Amino acid sequence: LISPPEVRRAPPIEGDDLARLLLLRKTYEQLQPADDEAPVPEPVVWDSTILFTDLRGFTRLTERFAHDPAGLLRVLNAHLTRIIRSIAICGGVVEKFVGDGVMSTFGADGNQTDHIGRAMAAAIGLVGANEALNRRLAGDWGFRLDVGVGIASGPVVIGAVGSVHRSELGVLGDAVNVAARLVMHAGAGEVLMTGTVFRAVAGMLQSELTTQSSVRGRSGSLEIYRMALLGGRAELT
Amino acid sequence: VTAAQLVANVRAVVLDLASPGPAGDALLERLRADNGHGIPVVVVTLMDLDSEASLSLQKAGVTAVLRKGSDTAAAAARILAATLDREQVAS
């Protein structure tokens, strides 16, 4: 979350660091004025699940809308509206927009013990919601929107990134990096997840829908499981 | 109640697939035919479906296939809520 210039720091807040951290987020949403006396909240570490989404082929779509960038934004926002809603309904928080997708957290307030299951439900739901959007508008548009999802889980730090003069709420950790990397490899309607995530939801999911794969280019071994929600079986790229 | 009557009056379906058979097949066939309506369907089952069966369900427009367990109801409810369009919920 990027603070606008007039909002530099959290307002004075009584209570624990987490509450103050979350108010950093509200500072952005509510555009409250900054208070120079407010202390910078201490970071907290939680086990959380990180979910990234990404639109496949968005660069080509951008080219298609080269002469109508406002139309491009309308299409993107129609998609993001569904994505944000699906994530919110499952108890996730959209932390920031990353290009044509989102980075979201589940359990980053320390109050969700079932954050992995919630993230998985959101992933399945948002792919379904995006399909509903395609059914409704792809004919008029003349193209489909295909979304991929990456999910990883682990300890992340939630804290103010920056200085006392300019900060934003940041969520950092290996799970964030892994999820961001996974989403780059997720095909249309696919959810790529780590072994930790898969094992947490394996009892719920039909295992035949999930195949084990690997992603190259990361140091060490990384267990990757893929769930193809639209019946596809494309190879990882 | 026939499958056709079912899908004509609902916005979401949780299908408990107890065993392969004509009833479930008929409903899924109807859902496949009505795919344009975009009725989200979550299948829950105690069976271990093979790849072919799972893919067949997906191609019939099934949103998710869940193994029946203690947390299945909450998962199915979340998935369906996350799938439904705001317009579908409001209508």
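Please refer to the structure placed before this passage.
Remember, predicted model here, so these are calculated numbers, not experimental data.

## A few points about the interface of chain B and chain A
- The interface is formed by 30 residues belonging to chain B together with 29 residues belonging to chain A.
- Between chain B and chain A, a total of about 2,500 Å² is buried, with carbon and sulfur atoms accounting for 50% of that surface.
- Among the residues of chain B in contact with chain A, Gln58(B), Arg67(B) and Arg78(B) are the three that bury the most area, contributing 27% of the side total.
- At the boundary of chain B with chain A, the tally comes to one salt bridge.
- The salt bridge partner of Asp114(A) is Arg78(B), with a shortest N-O separation of 3.3 Å.
- On inspection of chain B and its partner chain A, the count reaches seven residue pairs in polar contact (both at pLDDT 80 or more).
- Every element with two or more residues in the side of chain B that touches chain A is listed here: α3 (51–59), β3 (64–67), α4 (72–83) and α5 (86–90) of chain B.

## Looking at the packing of aromatic side chains
Residue and element names in this part refer to chain A.
- Per the stated rule, a full pass over the model turns up three aromatic pairs over all chains.
- Taking 5.8 Å as the distance between ring centres and 90 degrees as the angle between the ring planes, the aromatic pair formed by Phe65 and Phe143 counts as edge-to-face. Linking Phe65 in the loop between α2 (58–64) and α3 (69–89) with Phe143 in the loop between α4 (115–141) and β4 (146–162), this pair joins segments that are 78 residues apart in sequence.
- Judged by relative accessible area, Phe143 falls into the buried class, the value being 10%.
- Ring centres of Trp141 and Phe143 lie 5.4 Å apart, and the angle between their planes is 10 degrees; on these two criteria the pair is classed as stacked. Across the pair, Phe143 and Trp141 agree in class, each one buried.
- Taken together, the ring pairs connect Phe65, Trp141 and Phe143 into an aromatic cluster.

## Let's talk about the nonpolar core
- Counting 50 residues, the largest nonpolar core has Leu51(A), Met120(A), Ile151(A), Val191(A), Met193(A) and Leu66(B) as its most contacted members.
- The leading source of residues in this core is α4(A), at eleven residues.
- The contacts of Met120(A), once residues within four sequence positions are left out, are Ile151(A), Val191(A), Met193(A), Val197(A), Val201(A), Met204(A), Leu205(A) and Met227(A).
- Counting 20 residues, the second largest nonpolar core, distinct from the first, contains Val156(A), Ala175(A), Val176(A) and Val178(A).

## Quick notes on the packing of α3(A) against α4(A)
Residues and elements named next belong to chain A.
- Between α3 and α4, the least distance of the axes is 8 Å, while the angle of their chain directions is 155 degrees. The pairing of α3 with α4 is recorded here as roughly antiparallel in orientation. At the point where α3 passes α4, the crossing takes the right-handed sense. Along the contact surface, α3 presents Val75, Ala78, His79, Arg82, Ile83, Ser86 and Ile87, while α4 presents Ala122, Gly125, Leu126, Ala129, Asn130, Leu133, Arg136 and Trp141.
- Residue composition of the contact of α3 with α4, grouped by class: nine nonpolar, four polar and two charged.

## What about the sheet that holds β3(B)?
All names here are of chain B.
- Strand order across the open sheet formed by three strands is β1-β2-β3, with parallel pairing between neighbours. Each edge of the open sheet is held by one strand with a lone partner, namely β1 (13–16) and β3. Here the average twist between neighbouring strands, direction ignored, is 25 degrees.
- Two elements, β1 and strand β2 (residues 41–45), share four bridges in a ladder whose sense is parallel. Residue pairing in the sheet places Val13 in a bridge with Val41 of β2.
- Taken strand by strand, α4 contacts β1, β2 and β3, and its axis lies near 170 degrees from that of β3.

Conventions we followed
Residues numbered from 1 in each chain as written. Chains lettered and ligands numbered in written order. Predicted model: local features only at pLDDT ≥ 70, side-chain atom pairs only at ≥ 80, totals over all residues. Heavy atoms only, no water. Contact = heavy atoms within 4.5 Å. Buried area = accessible area lost by both parts, 1.4 Å probe. Salt bridge = Lys/Arg side-chain N within 4 Å of Asp/Glu carboxyl O. Polar contact = N/O pair within 3.5 Å; in protein donor to acceptor, adjacent residues only side chain to side chain. Helix = DSSP H or I, 4+ residues; strand = E, 2+ residues; numbered from the N terminus. Phe/Tyr/Trp six-rings, centres within 6.5 Å; stacked < 30°, edge-to-face > 60°. Buried < 20%, exposed > 50% of the residue type's maximum accessible area, 1.4 Å probe, protein only. Core = buried A, V, L, I, M, F, W, Y, C linked by side-chain atoms within 4.5 Å. Axes fitted to C-alpha atoms, helices over the stretch in contact; angles between N-to-C directions. Parallel < 35°, antiparallel > 145°, perpendicular 65-115°, else oblique. Left-handed = near helix turned anticlockwise from the far one by under 90°. Nonpolar A, V, L, I, M, F, W, Y, C, P; charged D, E, K, R; others polar. Pairing = 2+ DSSP bridges.

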